[in-house]
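# Observations on chain architecture
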Amino acid sequence: MAAQSRTLILLKPDAVQRGLIGTIISLIEQRGLKIVGLKLIQIDDALARRHYAAHVDKPFFPGLHKFITSSPVVALAVQGVNAVEVMRQIAGATDPSKAAPGTIRANFGLSIGMNIIHGSDSAESAAQELALYFRPNEIIDWQRDADAWIIET
Ligand code: IDP
Ligand code: MG
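An account of the accompanying structure is given in this report. Each chain has its residues counted from 1, following the order in which its sequence is written. Note on labels: chains are lettered from A, ligands numbered from 1, in written order. With the structure being a predicted model, the display of local features is reserved for residues of pLDDT at least 70 and the display and counting of side-chain atom pairs for 80 or more, all residues being used for whole-chain, interface and lining totals. Heavy atoms throughout the structure, all of them, feed into the side-chain values; hydrogens and water do not.

## A short note on the layout of surface pockets
Note the threshold: The rule is simple: put a 1 Å grid over the protein atoms alone, call a set of points where a 1.4 Å probe fits but cannot get out a cavity, call an open set with protein on both sides within 12 Å along at least five of seven lines a pocket, and count a residue as lining if it has an atom within 4 Å of a point. Grid points are joined across faces, edges and corners, and a volume is the space filled by probe spheres set on the points. Strands here are runs of E lasting at least two residues and helices are runs of H or I lasting at least four, both read from the DSSP assignment and numbered beginning at the N terminus. Here the term charged refers only to Asp, Glu, Lys and Arg, the term nonpolar to Ala, Val, Leu, Ile, Met, Phe, Trp, Tyr, Cys and Pro, and the term polar to all other amino acids, Gly among them.
The computed volume of the largest pocket comes to approximately 610 Å³. What lines the largest pocket is a set of 24 residues, among which H51, Y52, H55, L64 and H118 lie closest to the centre. Looking at the lining of the largest pocket, the elements with two or more residues in it are α3 (45–51), α4 (61–68), β4 (117–119) and α7 (123–133). When residues of the lining of the largest pocket are assigned to their parent elements, the largest contribution, four residues, is made by α7. The residue inventory of the lining of the largest pocket, partitioned by class, reads eight nonpolar, ten polar and six charged.

## Notes on the environment of E152
Counted only if it meets this: Throughout, exposure labels follow a simple rule: accessible area from a 1.4 Å probe, protein chains only, divided by the maximum for the residue type, with under 20% read as buried, over 50% as exposed, and the rest as partly exposed.
Within the secondary structure, E152 sits in the segment after α7. By relative accessible area, E152 is classed as exposed at 69%. Residues E152 and K39 lie 113 residues apart in sequence; the distance between their C-alpha atoms is 29 Å.

## Topic: the site of ligand 1
Just so we agree on the cut-off: Any residue with at least one heavy atom within 4 Å of a molecule or strand is counted as near it. N or O atoms within 3.5 Å of each other form a polar contact, as long as, within protein, one can give a hydrogen and the other can take it, and as long as residues adjacent in sequence are counted only when both atoms are side-chain atoms. With residues, only the protein chains shown are counted as cover, and all accessible areas are computed by Shrake-Rupley using a 1.4 Å probe. Criterion for pocket placement: a molecule counts as inside a cavity or pocket if more than half of its atoms are within 2 Å of its grid points.
Lining the immediate surroundings of ligand 1 are K12, Y52, H55, F60, L64, R88, T94, R105, I112 and N115. Within the contact set of ligand 1, an oxygen atom lies 2.5 Å away from a side-chain nitrogen or oxygen of T94. Between I112 and ligand 1, the recorded distance is 3.2 Å, taken from a backbone N or O atom to an oxygen atom. Expressed as a share of its isolated accessible area of 520 Å², the protein-covered part of ligand 1 is 75%. If you map ligand 1 onto the pockets, it falls in the largest pocket. Among the residues forming the shell around ligand 1, the class breakdown is four nonpolar, three polar and three charged.

## A few points about the pairing of strand β1 (residues 5–11)
A regular strand places its side chains so that they alternate between the two faces of the sheet. Filter applied, for reference: Paired strands are those between which DSSP finds at least two bridges.
Among the seven residues in β1, five count as buried, and that is most of the element. Bridging between β1 and strand β3 (residues 73–80) involves seven bridges; their strand directions are antiparallel. Bridging from a neighbouring strand, L11 pairs with V74 of β3. Pairing analysis gives three bridges linking β1 to β4, with the strands arranged antiparallel. Of the residues in β4, the one forming a bridge with L11 is I117.

## Structural notes on the packing of aromatic side chains
Rule in force here: Ring pairs are drawn from Phe, Tyr and Trp, using the six-membered ring of Trp, whenever the two centres fall within 6.5 Å, and their geometry is named by plane angle: stacked under 30 degrees, edge-to-face over 60, tilted for the rest. Geometrically, a lysine NZ or arginine CZ counts as sitting over a ring once it is within 6 Å of the ring centre and also within 35 degrees of the ring normal.
Per the stated rule, a full pass over the model turns up zero aromatic pairs. Its guanidinium or amino end placed over the ring of W142, K34 lies 5.4 Å from that ring's centre, counting from NZ or CZ.

## Overview of the nonpolar core
Using the following cut-off: We call a set of buried residues a nonpolar core when its members are Ala, Val, Leu, Ile, Met, Phe, Trp, Tyr or Cys and they connect through side-chain atoms within 4.5 Å of each other. The contact criterion used throughout is that any non-hydrogen atoms of two residues lie within 4.5 Å.
Residues L11, I24, L76 and I117 are the most contacted members of the largest nonpolar core, which totals 21 residues. Those elements that place two or more of their residues in this core are β1, α2 (21–31), β3, α5 (83–91) and α6 (104–108). Per element, the largest residue contribution to this core is five residues, and it comes from α5. Apart from the residues within four sequence positions on either side, I117 is in contact with I9, L10, L11, K12, I24, M87, A91, I104 and R105. Listed in part, the 19 residues of the second largest apolar core include L8, I43, L130 and F134.

Keep in mind that these numbers describe shape and distance, not what the molecule does.
What follows is the structure, encoded as structure tokens:
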């Protein structure tokens, strides 16, 4: 089977509050990606600062911090062929008002500060971010029989 990778996805507080958890997870599953970790988590100050370490000095960080800690998020470990790239593609551009039609951010959002979903932007950040949200034994390397019809050998 083709090489697979993993990425950290968050369904942000706006997605949870708006009842979009199931809809967005369905889109991820329907694309053929496999969920290997899943939890509801309340992000605290320390985790917000670690997750968004690259942005702590940006002018929008206070708003981002308030938003991401305002309600629970759903954290997902998602696996598949080119999982990082595929999830960034289906999430769409950071600003939902500019995201390509059909992407999750375009379908469900309008504001850059409430853009529904987070996806790791590289293999390196995926590894770091997965470790922030999941202990090793919370990511399950399960066998999915449908992969025979999704992933070419
Ligand atoms: P990404 O989520 O598409 O990777 P990043 O540039 O890494 O985008 O920014 C992280 C998050 O910070 C964005 O998803 C968005 O919620 C928020 N953000 C980024 N730029 C702005 C901005 O200019 N105003 C408000 N929020 C922003
Ligand atoms: Mg980013």
